[in-house]
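# Coordinate analysis (summary)
Each chain, letter by letter, is given below.
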There are 2 protein chains.
Amino acid sequence: MVTVRDVARASGVSISTVSRALSDPTRVAAATRDRVQAAARELGYEPNRAASGLRSGRTATLGVVVPDLENPYFASVAKGVQARAREHGYGVFVVDIEEDASREAEEVRTLLAQTDGVIVASPRGTDREVRELVERAPRGRAVLVNRRIDGVPSVTADDVAGAARALEHLRALGHRRVAYVGGPETSWSDRMRREGLRRAAGAEGAVDAVDLVDLGVFRPHVQGGYSAADLATGAGATAVVAYNDLVALGVEQRLRERGIAVPGQVSVVGFDDTFVATLASPPLTSVGTDLRAVGAAAVDLLVERLTDPDAVASHVVRPTELIVRASTGTVVA
Amino acid sequence: MVTVRDVARASGVSISTVSRALSDPTRVAAATRDRVQAAARELGYEPNRAASGLRSGRTATLGVVVPDLENPYFASVAKGVQARAREHGYGVFVVDIEEDASREAEEVRTLLAQTDGVIVASPRGTDREVRELVERAPRGRAVLVNRRIDGVPSVTADDVAGAARALEHLRALGHRRVAYVGGPETSWSDRMRREGLRRAAGAEGAVDAVDLVDLGVFRPHVQGGYSAADLATGAGATAVVAYNDLVALGVEQRLRERGIAVPGQVSVVGFDDTFVATLASPPLTSVGTDLRAVGAAAVDLLVERLTDPDAVASHVVRPTELIVRASTGTVVA
DNA sequence: ATGAAAGCGCTAACAG
DNA sequence: CTGTTAGCGCTTTCAT
């Protein structure tokens, strides 16, 4: 193993100069700096993170906790986190809690002890639990994704606006009775999406008011949508908005089986605009956000607070966009 | 921050006893052990990984390099790696090289310097490059997934058998002309899949021999299959085997657009049996492997070699299975 | 601008 | 079975 001592010997300086030349090149004469850096490169020197971390108190590592890496949503967020962290010089510990809310707090705690900061994506606990969990983090070393709690920095998508957009789209196509297939109860996004739909549906009795049928809570997977589809048609809805793309695919699947045309008889809208939206047939109209950007924003927030401990807890709200594809169409009489 | 000293003081023993009681409880009297552990819990002691790593030379961290986390294939492998590593007490650094072969070597090198071992999933470099990259790893601290090189431990799927199975399935359905939509040239799996198909196709002129049409190299995404579909029908194939599920979906998509029934006129088979296979319409017949198990096996291999440096480099070959769904059917005259 | 020296928290000899 | 001590590789005062 090549250490600072080896580099120091090779370049004829002391180990402290090596350390400086490599970490903060401005604090060393240009000539010395070059000599040291050349020696380091030649010897294949790689700083020992454990040692530098022990001394400096920084691990140069971030943690990200996701409910399920196989969910394309979180895969994208994790990808964004990893990429941006790398740009800032941080490595990333990824922890998949397998949708088990009870593991969340424990994993965050462990990660907090071995990283500089943690990103918790779509926390599964209640607001109370999440707040407690995060307040144990000294100086705001935790950032939430998809959950907004006062005093805790977070990155969320503008789901309210996105959902409203979706509803307006459906209204414009003539739909007056729209069903919503809901997601997990602890999902903050679900609450926001509901809210957006409700607001956009308009006052009861208004000329262009839309009847919103809440189908309840379903598993956020294909199966959930498959189970909900019949309820939607039974309720007389001509359009279905689903908690996410997978659920929407489940709805499409069941409708197809029953010979109900999409969008001929029923229109379907998903959320998240993950790549599966384009795989569906018909391809899915979906409310999307740039998920990698969400992950990247969370890293930026964290790094900012790590660098400047006095930074206030800010809430970044990323824009959402309605991507119209073939799964939505006009109402037939 | 709570350190061993605090725990030592609280439990009335020396710091080394604390260290022992916490890491190897057998080397300490039962009563002492309990006292120390209680104190540690009460104080909320979390060992400092940097410090223990610095002293012991172990980082308790593994690295995994994947070409693309958003690819469901690698998401599953990464998930398997993370879960199993956790069971062994290791954290996992995930690095996504964004399908950029030129970043591979550098990332592996960096990772090797800050972890105990590295798993390289589906290396994108040539055999030569991969061998060089891995031989820099002292004492076999690298394991390959989806690439078999002598002397380097690896986990692969039995793609030859899987591909053969797929071809036999098609033959049994009456297909005598089958097209293969190939994947990346540096893909070892692609080579094996080709080989399996070739072998199972049988000797030319045999009664039940199958004509294998090689369509060439395509991008391993939906678009690749979409582009290849017309070539397959143009070549008179009644069945198409695709490099992976996404490619197969692309084939299905294009065929549907052209009004060619699947499986009525053309059957389609994918590889990897990722969750997207079930999303397709019709759902895709696919040759699958338990991808989480692949990741887990890679971790086991690595941990074994980390624990016993004399362990020989073994090659784990995971079984593949043909999952028959609605995208394959009998040939119509 | 550079060097000497201390010490981060822990584990591993070595004593006892 | 337990305590003492040294030191992992690095960063960071404090001198010079």
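Heads up: the structure comes first, above all this text.
Here's a quick rundown of the structure. Values in this document were obtained by computation on a predicted structure and should not be read as measured data.

A separate point is the interface of chain A and chain B. Each partner contributes to the interface: chain A provides 42 residues, whereas chain B provides 43 residues. It is Glu-70, Lys-79 and Leu-279 of chain A in chain A that bury the most area against chain B; as a group they hold 18% of the surface buried on that side. Ionic pairing is found between Glu-107 of chain B and Arg-86 of chain A, a salt bridge with its closest N-O pair at 2.5 Å. Connecting chain A to chain B are 21 residue pairs in polar contact (both at pLDDT 80 or more). Residue assignment for the side of chain A that touches chain B shows that the elements contributing at least two residues are helix H4 (49–56), helix H5 (72–87), strand E2 (91–96), helix H6 (101–114), helix H11 (245–257) and helix H12 (276–279) of chain A. Its residues assigned to classes, the side of chain A that touches chain B comprises 19 nonpolar, ten polar and 13 charged.

Residue and element names in this part refer to chain A. Both strand E6 (residues 177–182) and strand E7 (residues 211–217) contribute to a ladder of five bridges, which runs parallel. For Gly-182, the partnering residue across the bridge sits in E7 and is Val-217. Handedness of the crossover is the feature at issue here: the chain leaves E6, passes through helix H9 (residues 188–201), returns alongside E7, and the resulting connection is right-handed.

A word on the pattern of salt bridges. Applying the stated criterion to the full structure yields 58 salt bridges over all chains. When the shortest N-O distance is used, the salt bridge between Asp-34 of chain A and Arg-33 of chain A registers 3.0 Å. Assessed through its relative accessible area of 24%, Arg-33 of chain A is described here as partly exposed. Its salt-bridge partner being Arg-128 of chain B, residue Glu-132 of chain B comes within 3.1 Å of it at the nearest N-O pair. Within this pair, Glu-132 of chain B and its partner Arg-128 of chain B are both found in helix H7 (residues 127–135), separated by four residues, close to a single helical turn. What makes Arg-128 of chain B exposed here is its relative accessible area of 63%.

Once that is clear, we can look at the protein's contact with DNA strand D. Lining the immediate surroundings of DNA strand D are 25 residues, of which Val-4 and Tyr-45 of chain A together with Ser-16, Thr-32 and Arg-55 of chain B lie closest. In DNA strand D, the atoms that sit within 4 Å of the protein are 53% sugar and phosphate, with bases accounting for the remainder. In the model, a base oxygen of DNA strand D is placed 2.9 Å from a nitrogen or oxygen of the Arg-55 of chain A side chain. Between a phosphate oxygen of DNA strand D and a side-chain N or O atom of Thr-17 of chain B, the distance comes to 2.6 Å.

So, on to the packing of aromatic side chains. Counted by the stated rule, this structure contains three aromatic pairs over all chains. Ring plane angle 15° and centroid distance 4.9 Å describe the contact between Phe-93 of chain A and Phe-93 of chain B, whose orientation is recorded as stacked. Placement of Phe-93 of chain A in strand E2 and of Phe-93 of chain B in strand E2 (residues 91–96) is noted, with the two residues assigned to different chains. For Phe-93 of chain A, a relative accessible area of 4% puts it in the buried group. Consider the rings of Tyr-73 of chain B and Phe-74 of chain B, whose centres lie 5.1 Å apart with planes at 75°: the pair is edge-to-face. The residues Tyr-73 of chain B and Phe-74 of chain B share a single accessibility class, namely buried.

In this section: the protein's contact with DNA strand C. Close to DNA strand C lie 25 residues, the nearest being Thr-17, Thr-32 and Arg-55 of chain A together with Val-4 and Tyr-45 of chain B. A distance of 3.1 Å separates a base nitrogen of DNA strand C from a polar atom in the side chain of Ser-16 of chain A. Arg-55 of chain A has a polar backbone atom sitting 3.3 Å from a base oxygen of DNA strand C. At the level of secondary structure, the elements contributing two or more residues to the surface near DNA strand C comprise helix H2 (15–23) and H4 of chain A together with helix H2 (15–23) and helix H4 (49–56) of chain B. For the surface near DNA strand C, the leading source of residues is H4 of chain B, giving five residues.

Cut-offs applied
Residues numbered from 1 in each chain as written. Chains lettered and ligands numbered in written order. Predicted model: local features only at pLDDT ≥ 70, side-chain atom pairs only at ≥ 80, totals over all residues. Heavy atoms only, no water. Contact = heavy atoms within 4.5 Å. Buried area = accessible area lost by both parts, 1.4 Å probe. Salt bridge = Lys/Arg side-chain N within 4 Å of Asp/Glu carboxyl O. Polar contact = N/O pair within 3.5 Å; in protein donor to acceptor, adjacent residues only side chain to side chain. Helix = DSSP H or I, 4+ residues; strand = E, 2+ residues; numbered from the N terminus. Nonpolar A, V, L, I, M, F, W, Y, C, P; charged D, E, K, R; others polar. Pairing = 2+ DSSP bridges. Right-handed = clockwise from strand over helix to strand, strands pointing away. Buried < 20%, exposed > 50% of the residue type's maximum accessible area, 1.4 Å probe, protein only. Near = heavy atom within 4 Å. Phe/Tyr/Trp six-rings, centres within 6.5 Å; stacked < 30°, edge-to-face > 60°.

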